[in-house]
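So the chains spell out like this:
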Amino acid sequence: MELLDGAGDQKLKSKSSSISTGGKILIAATGGVALGLSVVCASFVAPAFRRICLPYVPATEEQIKNVLSFLPKNVKSGKLLDIGSGDGRIVVAAAQHAKDLKTDGVELNPWLVYYSRLAALRHGVSRQASFFRRDLWKFNIKSYNYVVIFGVEQMMQDLEHKLIAECPHDAKVIACRFPLPHLQPEHTIDDGVNTVWFYDLSKRPV
């Protein structure tokens, strides 16, 4: 009887040890997943702690169509910059729309920059479209003929100053969601979230 009790105790200890080991593995795996998610999400959450937040909100199909309506298909040269390019869909669509237009995107979120480069490769425009991980306020925009902006209201005045100071005098600016506060648009299309304002800097008052 004692022998049976001893064997039973041994089995219970073994089972307890097995459960304990399994629990440790589960805890370690859960912790690893949580750490990985934290690293990935950090780049998306971080903008909320900056002075001016530029959140990632993908452009709608209607917004893309409205932006492209201001880009001539037969442009023979020139450069376009999408400020806060997100997942790159505007840059890629512009490259497909105007084959001779060099299209660039500037974006601070590294994961979105990597995704955008893959999207350009997938759509066959990787030689025409480029993406830069930079702070938009430190990014030089003096060589761009077209600038697309998906901004937030709080940043539009500072951005207007940057555009006037750095862009070529005849640059075209396409603003989505929020207009520039002082410049008068040449054209406005659609309404609500899909509104797009078109500005020609050559026609601004000096």
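Description of the structure in this document. Quantities reported herein were computed from a predicted structural model and do not represent experimental measurements. (Residues numbered from 1 in each chain as written. Predicted model: local features only at pLDDT ≥ 70, side-chain atom pairs only at ≥ 80, totals over all residues. Heavy atoms only, no water.)

1. Comments concerning the environment of Asn145
- Inspection of the secondary structure assignment puts Asn145 in the loop between strand 3 (129–133) and strand 4 (146–150).
- When its relative accessible area of 27% is taken as the criterion, Asn145 is described as partly exposed.
- When the C-alpha atoms of Asn145 and Gly78 are compared, they prove to be 5.9 Å apart, with 67 residues separating the residues in sequence.
- When neighbours within four sequence positions are excluded, Asn145 is seen to be in contact with Gly78, Lys79, Ala171 and Lys172.
- For Asn145, the side chain forms a polar contact with the main-chain nitrogen of Lys79, separated by 2.8 Å. (Helix = DSSP H or I, 4+ residues; strand = E, 2+ residues; numbered from the N terminus. Buried < 20%, exposed > 50% of the residue type's maximum accessible area, 1.4 Å probe, protein only. Contact = heavy atoms within 4.5 Å. Polar contact = N/O pair within 3.5 Å; in protein donor to acceptor, adjacent residues only side chain to side chain.)

2. What about the pattern of salt bridges?
- Applying the stated criterion across every chain yields a total of five salt bridges.
- The residue Lys102 makes a salt bridge to Asp104 at a minimum N-O spacing of 2.5 Å.
- Using a relative accessible area of 2% as the deciding quantity, one classes Asp104 as buried.
- The shortest N-O distance in the salt bridge between Lys203 and Glu186 comes to 3.7 Å. On the criterion of sequence distance, the pair formed by Lys203 in the segment after strand 7 (196–200) and Glu186 in the loop between strand 5 (172–176) and strand 6 (187–189) is long-range, its members being 17 residues apart. (Salt bridge = Lys/Arg side-chain N within 4 Å of Asp/Glu carboxyl O.)

3. So, the sheet that holds strand 5
- Across the sheet, which stays open at both edges, the seven strands sit in the order 3-2-1-4-5-7-6 with mixed pairing between neighbours. Strands at the two margins of the open sheet, each flanked by one partner only, are strand 3 and strand 6. With direction set aside, neighbouring strand axes in the sheet form an average angle of 15°.
- Judged from the five bridges that link them, strand 4 and strand 5 form a sheet pairing that is parallel. Bridge pairing links Val147 to Val173 in strand 5.
- Across the sheet, helix 3 (residues 89–97) is in contact with strand 1 (79–83), strand 2 (102–107), strand 3 and strand 4; its angle to strand 2 comes to roughly 180°. (Pairing = 2+ DSSP bridges. Axes fitted to C-alpha atoms, helices over the stretch in contact; angles between N-to-C directions.)

4. So, the side chain of Asn194
- Mapped onto the elements, Asn194 comes out in the loop between strand 6 and strand 7.
- Only 2.9 Å separates the side chain of Asn194 from the side chain of Thr60, close enough to count as a polar contact.

5. Some thoughts on the nonpolar core
- Judged by nonpolar contacts, the single largest core of 23 residues is most densely connected at Ile149, Leu163 and Leu180.
- Mapped by element, the contributors of at least two residues to this core are strand 1, strand 4, helix 5 (156–166), strand 5 and strand 7.
- Of the residues forming this core, the biggest block, three residues, is contributed by helix 5.
- What Leu180 contacts, discounting residues up to four positions off in sequence, is Ile149, Met156, Glu160, Leu163, Val173 and Tyr199.
- Of all hydrophobic cores here, the second largest spans 20 residues; its members include Leu101, Val148, Ile174 and Val196. (Core = buried A, V, L, I, M, F, W, Y, C linked by side-chain atoms within 4.5 Å.)

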